[in-house]
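Listed here are the chains, written in short residue letters.
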Amino acid sequence: MTTTWTVSDVVTVMDRWYPPETAQEWDKVGLIVGDPSREVRRVLIAVDPVAAVIDEAVSNEIDMIITHHPLYLRGVSFLPESDPKGRVVATLVRGECALFNAHTNADIAYRGVAHALADLLGLERTQPLDPSGRDRDGRSVGLGRVGTIDPVTLREFAQRVASALPAGPHGLFVGGDLESTVARVAVSGGAGDSLLEQARASGADVFVTADLRHHPSSEHLEGGAPALISGSHWATEWPWVPVLAQRLSEQAEADNVSVDITASTIVTEPWTAHMQTTGGTQ
């Protein structure tokens, strides 16, 4: 006989895999909106709690949304529907849809965001790029991952990354000698500026991340390896979405729970187009 999960049951599962106490101090993770006792029949997983995702959920009668990014990082005093996030909250409440997020606690975890990106790109023998301890099962966890691949050129590896990441307008930026050899790879989904030193110390030949700024990237490349591949924030974190969907489905089956779990495929990058500049420099 099949049973059902409540919102609270899903939160319990997520907190076991991605303990909230492992989130960084500035972060906000957990149940944002929703009745913990409400039954969950349908779950939608996405990167961003933006209006398009919320509308997708409500139109499909989703009971609970799980996102990577939080809705708020700072406290607020007012939630008018004239404000985009206030409108999101109102839509969720009217649609009786819960919203939960796992952010930096999912970044560092086993089978978390970085792990999913490393697996997508075929890295083997991976370890955390910036270790922060061990999880409840004794596995080493931390920001990013670093591992190995069969040697290829940077050009070939960049093409692999481009073909593996979900399609979006941002594309990839590549810094480094395109004919250099890549055998050791560091990855970190989302903004990776803060891990440039760790990527170099790891002995990586290339660091795959997102949101790299001009000056830190230029100064890093002037200092040598690793080469840099910068994708979009959304694209480098989305690979975790289907991984989590599969993991929750497996847990539901083990718990004899009937629930439909869907990975949102809406592209929630802020950009809508990428155009190569062609003007002169004189």
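Just so you know, these numbers come straight off a predicted model, no measurement behind them.

Visitor: Before we go on, may I ask you to explain the overall build of the protein chain in this structure?
Guide: For the protein chain, the helix and strand inventory stands at 10 helices and 13 strands. Its C-alpha radius of gyration of 20 Å places the protein chain within 12% of the 19 Å reference for a compact globule of 282 residues. Within the protein chain, the fraction of its 282 residues that count as buried is 48%. Across the protein chain, every contact between residues at least 6 apart in sequence was considered, and the portion connecting residues at least 24 apart equals 65%. A total of about 14000 Å² of accessible surface is found on the protein chain, and carbon and sulfur atoms cover 50% of it. Averaging the coordinates of the 21 positive side-chain charges in the protein chain and doing the same for the 37 negative ones gives two points 2 Å apart.

Visitor: Can you help me understand helix α6 (residues 154–164) in this one?
Guide: Each α-helix turn comprises 3.6 residues. Residues three or four places apart therefore point the same way. Listing the buried residues of α6 in full gives Leu154, Phe157, Ala158 and Val161. All buried residues of α6 fall inside an arc of 100° around its axis, so they share one side. Facing away from the buried surface of α6 by more than 90 degrees, the exposed residues are Gln159 and Ser163. On its buried face, α6 is in contact with β8 (140–153), β9 (173–175), β10 (181–191), β11 (206–210) and β12 (227–231).

Visitor: Looking at this model, I keep getting lost on the pairing of β8. Mind explaining?
Guide: Remark: a regular strand shows side chains that alternate across the two faces of the sheet. Of all the 14 residues making up β8, 11 are buried; the element is thus mostly covered by neighbouring parts of the structure. Bridge count for strand β7 (residues 124–134) against β8 is 7 bridges, and the pairing is antiparallel. Residue pairing for β8: Gln127 is matched across the bridge by Val146. The antiparallel hairpin formed by β7 and β8 contains 5 residues in its connecting segment, where Gly138 sits at a positive phi of about 85°.

Visitor: When you look at the nonpolar core in this model, what are you seeing that I'm missing?
Guide: Core analysis: the largest hydrophobic core is formed by 33 residues, its most contacted members being Met14, Tyr18, Ile45, Met64, Ile66, Leu244 and Leu248. Listed by contribution, the elements that provide at least two residues to this core are α1 (7–17), β4 (42–46), β5 (64–67), β6 (98–101), α5 (113–120), α9 (233–237) and α10 (240–254). Beyond its immediate chain neighbours, meaning those up to four positions away, Met64 contacts Val7, Val10, Val11, Val40, Arg42, Val43, Leu44, Cys97, Ala98 and Phe100. Grouped together as the second largest cluster of nonpolar side chains are 18 residues, Val161, Val206, Ala227 and Ile229 included.

Visitor: Is there a simple way to explain the packing of α1 against α10 in this structure?
Guide: Angle between the axes and distance between the axes: these two values describe a pair of packed helices. Where α1 contacts α10, the axes come no closer than 12 Å and their chain directions differ by 120°. With respect to their mutual orientation, α1 and α10 come out oblique. Here α1 runs over α10; the crossing is right-handed. Seen from α1, the contacting residues are Val13, Met14, Arg16 and Trp17; seen from α10, they are Leu244, Arg247, Leu248 and Gln251. Considering only residue class, the contact of α1 with α10 consists of 5 nonpolar, 1 polar and 2 charged.

Visitor: Just checking my understanding: could you explain the packing of aromatic side chains for this structure?
Guide: For any pair of aromatic rings, geometry is given as the distance between the ring centres together with the angle between the planes. Taken as a whole, this structure holds 2 aromatic pairs when the rule is applied. Centre to centre, the rings of Trp17 and Tyr18 are 6.4 Å apart; their planes meet at 85°, and the pair counts as edge-to-face. The class of Tyr18 is buried, set by a relative accessible area of 0%. Geometrically, the ring pair formed by Tyr18 and Trp240 is edge-to-face, given 5.7 Å between the ring centres and 80° between the ring planes. Taken as a pair, Tyr18 in the loop between α1 and β2 (30–33) and Trp240 in helix α10 lie far apart in primary sequence, 222 residues in all. An aromatic cluster of three or more residues is present, and its members are Trp17, Tyr18 and Trp240. Across from the ring centre of Tyr72, 5.3 Å away, lies the NZ or CZ of Lys85, which sits over that ring. The ring centre of Trp17 lies 4.2 Å from the NZ or CZ of Arg247, which sits over that ring.

Conventions adopted
- Residues numbered from 1 in each chain as written.
- Predicted model: local features only at pLDDT ≥ 70, side-chain atom pairs only at ≥ 80, totals over all residues.
- Heavy atoms only, no water.
- Helix = DSSP H or I, 4+ residues; strand = E, 2+ residues; numbered from the N terminus.
- Rg over C-alpha atoms; globule rule 2.2 N^0.38 Å.
- Buried < 20%, exposed > 50% of the residue type's maximum accessible area, 1.4 Å probe, protein only.
- Contact = heavy atoms within 4.5 Å.
- Areas by Shrake-Rupley, 256 points an atom, 1.4 Å probe, with all protein chains shown as cover.
- Lys, Arg positive; Asp, Glu negative; His and termini not counted.
- Charge placed at Lys NZ, Arg CZ, Asp CG, Glu CD.
- Arc of directions from axis to C-beta.
- Pairing = 2+ DSSP bridges.
- Core = buried A, V, L, I, M, F, W, Y, C linked by side-chain atoms within 4.5 Å.
- Axes fitted to C-alpha atoms, helices over the stretch in contact; angles between N-to-C directions.
- Parallel < 35°, antiparallel > 145°, perpendicular 65-115°, else oblique.
- Left-handed = near helix turned anticlockwise from the far one by under 90°.
- Nonpolar A, V, L, I, M, F, W, Y, C, P; charged D, E, K, R; others polar.
- Phe/Tyr/Trp six-rings, centres within 6.5 Å; stacked < 30°, edge-to-face > 60°.
- Lys NZ or Arg CZ within 6 Å of the ring centre and 35° of its normal.

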